[in-house]
Amino acid sequence: MIAEKPSAREAQQRSLHDDRADAVRYAVLQRIAPAIRHDMVVNLQPIGMIYELMEHRVATRREDMGALQESTAKMSRFAKAALASCVDGVTWLERDPAALVPFAEGVGESVAMLGRTFGFMGFTLVNRVGGTACAVSRDALRHTLTSALLAAIDTAPCPSDVILASEVGAHDLALSLDVVARPGQRVLQPFLENYRRLDWDDVEAVATTESVGFAHHGEGATLFFHPREQQEAGSLF
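About the cut-offs
- Residues numbered from 1 in each chain as written.
- Predicted model: local features only at pLDDT ≥ 70, side-chain atom pairs only at ≥ 80, totals over all residues.
- Heavy atoms only, no water.
- Helix = DSSP H or I, 4+ residues; strand = E, 2+ residues; numbered from the N terminus.
- Polar contact = N/O pair within 3.5 Å; in protein donor to acceptor, adjacent residues only side chain to side chain.
- Contact = heavy atoms within 4.5 Å.
- Salt bridge = Lys/Arg side-chain N within 4 Å of Asp/Glu carboxyl O.
- Buried < 20%, exposed > 50% of the residue type's maximum accessible area, 1.4 Å probe, protein only.
- Axes fitted to C-alpha atoms, helices over the stretch in contact; angles between N-to-C directions.
- Parallel < 35°, antiparallel > 145°, perpendicular 65-115°, else oblique.
- Nonpolar A, V, L, I, M, F, W, Y, C, P; charged D, E, K, R; others polar.
- Pairing = 2+ DSSP bridges.

### Some words on the side chain of S160
Phase 1: Along the polypeptide, S160 turns up in strand 4 (residues 160–168).
Phase 2: Of note is the side chain of S160, whose polar atom sits 2.8 Å from the backbone oxygen of C158.
Phase 3: The contacts of S160, once residues within four sequence positions are left out, are G122, F123, T124, V179, V180, A181 and R182.

Structure, rendered in C-alpha cells:
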C-alpha cells in the first residue's frame, strides 16, 4: 500500500511546528546556560587550589612525597571529571539522534541540573521516577522534559512542587509532571528569566518534532516516550 503524501496544509503545520520547536530549543539553551556552565567548571576550581598548595609546599621545601602523590591523584580525578562534564555539556549543543539514555538516569540529569535554581525561585522538583530496564532517546528526553519543566514554572501562578512520576505502558513510557501550588507564597528572584518564558504550546511543538506524545492537563502535562531495551542503549556509549 502506497502511503498518501501529506496535504499542503499538513506540510505547512509541520513546518510551523519545526520552526517553533527550533525556537524553543534555543530558548531552553539560553535559560539553562548558567546551569551547564556551572556543571562544566565545578570540577576545574579545585584543580587550581590543589596546584597552589603543591606550589607552596615545593617553594617552602616541604617535600612530603606521600602528600604530593595524593595531591596529584586528586588533580587527575578532578581533571577526568571536568573533561567528562565538558563533553557532556557539548552534547546539549550537538544533537545525536542515535544516542540513548536509561530513562531514570536521563530524568535525574535534568532534575539535578535545574533543581538548585528552581529552589532559589521557590519551586521544588520532586523526582519519583523509579528504575526501569528501558532507555529512550537522549535528545528527545532532554529537550521535551527540560522545556516542560520550564513551562511548568513559567505558567504557575505561585511557588509550587513539581512532581515527576513514571508509568510503563504496553507500548510507551509515560512521564507525568504534576504541579501542586503552595498558595500564599510569592515567586522569588527569577534566575532563569534570562530569556523568554515558555508555555505548554511550546512544549507540544518540541514533543511533536521529537516524536514524543504530549497531553496537557490542568497545571501539568504527561509525556509519552518510545522505550528501548537498556542493553541497546549501553552499546551506544
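### Notes on the pattern of salt bridges
Phase 1: Under the defined criterion, the tally for this structure stands at ten salt bridges.
Phase 2: Notably, a salt bridge pairs E210 with R25, separated by 3.1 Å at the nearest N-O pair. Note that E210 is positioned in the loop between helix 6 (200–209) and strand 6 (213–217) and R25 in helix 1 (residues 8–41), a separation of 185 residues in sequence.
Phase 3: Across the pair R95 and E210 runs a salt bridge, and its minimum N-O distance is 2.9 Å. Separated by 115 residues along the polypeptide, R95 in the loop between helix 3 (65–91) and strand 1 (100–102) and E210 in the loop between helix 6 and strand 6 bring together distant segments of the chain.
Phase 4: Take R95: its relative accessible area is 39%, and that puts it in the partly exposed class.
Phase 5: Classification of E210 by relative accessible area gives buried; the value is 11%.
Phase 6: Salt bridges sharing common partners tie together R20, R196, D199 and D202.

### A look at the packing of helix 5 (residues 138–155) against helix 6
Phase 1: The N-to-C vectors of helix 5 and helix 6 enclose an angle of 175°; their axes lie 9 Å apart at closest approach. When the axis of helix 5 is compared with that of helix 6, the two are roughly antiparallel. For the pair formed by helix 5 and helix 6, the contact residues are H143, T144, S147, A148, A151, A152 and T155 on the first element and W200, V203, V206 and A207 on the second.
Phase 2: Residue composition of the contact of helix 5 with helix 6, by class: seven nonpolar, four polar and no charged.

### Digging into the sheet that holds strand 4
Strand pairing in a sheet relies on backbone hydrogen bonds. The paired strands run either parallel or antiparallel.
Phase 1: Strand order across the open sheet formed by five strands is 2-4-5-7-6, with mixed pairing between neighbours. Of all the strands in the sheet, just strand 2 (124–127) and strand 6 have a single pairing partner and so form its edges. Strand-to-strand twist across the sheet, computed as the mean angle between neighbouring axes with direction ignored, equals 15°.
Phase 2: Relative to strand 4, strand 2 runs parallel, the two sharing four bridges. Its bridge partner being in strand 4, L125 is matched across the sheet by V162.
Phase 3: Taken strand by strand, helix 4 (residues 103–120) contacts strand 2, strand 4, strand 5 (173–181) and strand 7 (220–225), and its axis lies near 165° from that of strand 2.

### Comments concerning the side chain of D202
Phase 1: Looking at the secondary structure, you find D202 in helix 6.
Phase 2: Apart from residues lying up to four places away in sequence, D202 is in contact with R20, V24, R196 and R197.

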